[in-house]
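# Chain and residue survey
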Amino acid sequence: MFIFLPPMVLIILSAFVGVSVNEVTLNTLNQFYAVLFVFGFIIVAFVLISWLFFLKLRKRLTGLQEAMAFSAEHSSFPQPVPVQSDRMDEIDQLGRSFNWMIRQLEDSRAREHEEEWLRHRLIANLSHDLRTPLTILRGHVTRLNRESISSEGQSSLAEMDHTITRAGELMDDLFAYTLLTSGKHPFEPASTDITRLVRASVAAWYAVFEEQDIQIDADLPAEKTFYWEADPKWLTRVLDNLFQNIIRHAADGKYVYIAVDIEKEIILVADKGPGMENSSYERGAGIGLSAVRFMLEKMKLVAGFSSDENGTSVTIGKALPKSNPELNGRIPGM
């Protein structure tokens, strides 16, 4: 209306004036050209103003779209978009809602970081504080062992000592997992000779397995090997955790199978214990396995678990086999 109304009024007035003084001022042809010029001016002005309007509208929408795309591409929060409070049309309302969402997300992340820091501090303090009463309890158990107690009392004291040891190990696992998830353990990936690393881990645990009368069946190639871009210390820690779980939960099976498959580039660890589903009083909350999964994920590796009443098998690699029967077929007696 702002564009069309003034020219239309001018045309109507010109038409009436032209009828009364037609013979004196303008002839019919000149009046037609004037009207045509006015209509052409109206069309050009309409197109120009519409183009400017949509160009400005597109610029505002593009700025809002770029702000949203920045968050999606960089996994971070974008800067708030400018909003004119005096105008506050639909686009400004959308920008204000977007800015409010950013503030809410920033506050949520700040609260999450604060809660995570408090949780890690609490776990570290608890792990440290609980060691004192455990040490005191162990001292009392040691003192009672020197006294003349019945066989049932001796058995109870041995069970108490074992439980204290297990509680200490669980606190160590919890503290280690807290350090891992908080980034306190340095992660230094490098090209790692897997066969050599597994052979070194087996050699380090050989005496422990022998002490528990566990038969070791190791299939480690002497000359061939493959390499992973992984942290050697973290990968050794993963194997240590798996071997420790065998000592804790599958020692009754008296068997452990450790192999490195060069062709498939995987590590195989299996036992003949009661299986992961058959819980025992030693079974914890899976903190050790959670730490294992975290470290493997950080090194872009995966672990596949297969467990039944005949034992548990673990496959570590970048591309896991589709089925575990082949693995079970390679383990004698499974």
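Below: a short report on this structure.

Looking along a regular strand, one sees the side chains alternate between the two faces of the sheet. The buried fraction of strand β4 (residues 255-261) amounts to seven of the seven residues, a majority that puts the element mostly inside the structure. Burial of β4 is two-sided: the residues Tyr255, Tyr257, Ala259 and Asp261 facing one way and the residues Val256, Ile258 and Val260 facing the other way are all buried. One ladder, built from five bridges, connects strand β2 (residues 215-219) with β4; its direction is parallel. Its bridge partner being in β4, Ala218 is matched across the sheet by Ile258. With six bridges connecting them, β4 and strand β5 (residues 266-271) associate as antiparallel partners. For Asp261, the partnering residue across the bridge sits in β5 and is Ile266. In this antiparallel pair of consecutive strands, β4 and β5, the connection spans four residues, and Glu265 shows a positive phi of 55 degrees.

Let us now look at the packing of aromatic side chains. Inspection of the entire model under this criterion finds six aromatic pairs. With a centroid separation of 4.9 Å and an interplanar angle of 50 degrees, the aromatic rings of Phe187 and Trp234 are classed as tilted. Taken together, the positions of Phe187 in the loop between α5 (151-181) and β1 (190-193) and Trp234 in helix α7 (residues 232-249) put the pair 47 residues apart, joining distant regions of the chain. According to the relative accessible area criterion, Trp234 is buried, its value standing at 7%. Ring centres of Trp205 and Phe243 lie 6.0 Å apart, and the angle between their planes is 70 degrees; this geometry places the pair in the edge-to-face category. Of this pair, Trp205 sits in helix α6 (residues 194-211) while Phe243 sits in helix α7; the two residues are 38 residues apart in sequence, bridging distant segments of the chain. The burial state of Trp205 is the same as that of Phe243; both residues are buried. Here a set of aromatic residues connected by ring pairs shows up, and it is made of Trp205, Phe209 and Phe243. Just above the ring of Tyr255 sits the side chain of Lys272; from NZ or CZ to the centre is 4.5 Å.

Any two packed helices are characterised by how steeply their axes cross, that is the angle between the axes, and by the distance between the axes. At a minimum axis separation of 10 Å, α7 and helix α8 (residues 287-298) run at an interaxial angle of 155 degrees. One way to sum up the angle between α7 and α8 is to call them roughly antiparallel. Helix-helix and strand crossings are classified by hand; for α7 and α8 the assignment is left-handed. Where α7 approaches α8, its residues Trp234, Leu235, Arg237, Val238, Asn241 and Asn245 are matched on the opposing element by Gly288, Leu289, Val292, Met295, Leu296 and Lys298. Residues of the contact of α7 with α8, tallied by class, amount to seven nonpolar, three polar and two charged.

Conventions adopted
- Residues numbered from 1 in each chain as written.
- Predicted model: local features only at pLDDT ≥ 70, side-chain atom pairs only at ≥ 80, totals over all residues.
- Heavy atoms only, no water.
- Buried < 20%, exposed > 50% of the residue type's maximum accessible area, 1.4 Å probe, protein only.
- Helix = DSSP H or I, 4+ residues; strand = E, 2+ residues; numbered from the N terminus.
- Pairing = 2+ DSSP bridges.
- Phe/Tyr/Trp six-rings, centres within 6.5 Å; stacked < 30°, edge-to-face > 60°.
- Lys NZ or Arg CZ within 6 Å of the ring centre and 35° of its normal.
- Axes fitted to C-alpha atoms, helices over the stretch in contact; angles between N-to-C directions.
- Parallel < 35°, antiparallel > 145°, perpendicular 65-115°, else oblique.
- Left-handed = near helix turned anticlockwise from the far one by under 90°.
- Contact = heavy atoms within 4.5 Å.
- Nonpolar A, V, L, I, M, F, W, Y, C, P; charged D, E, K, R; others polar.

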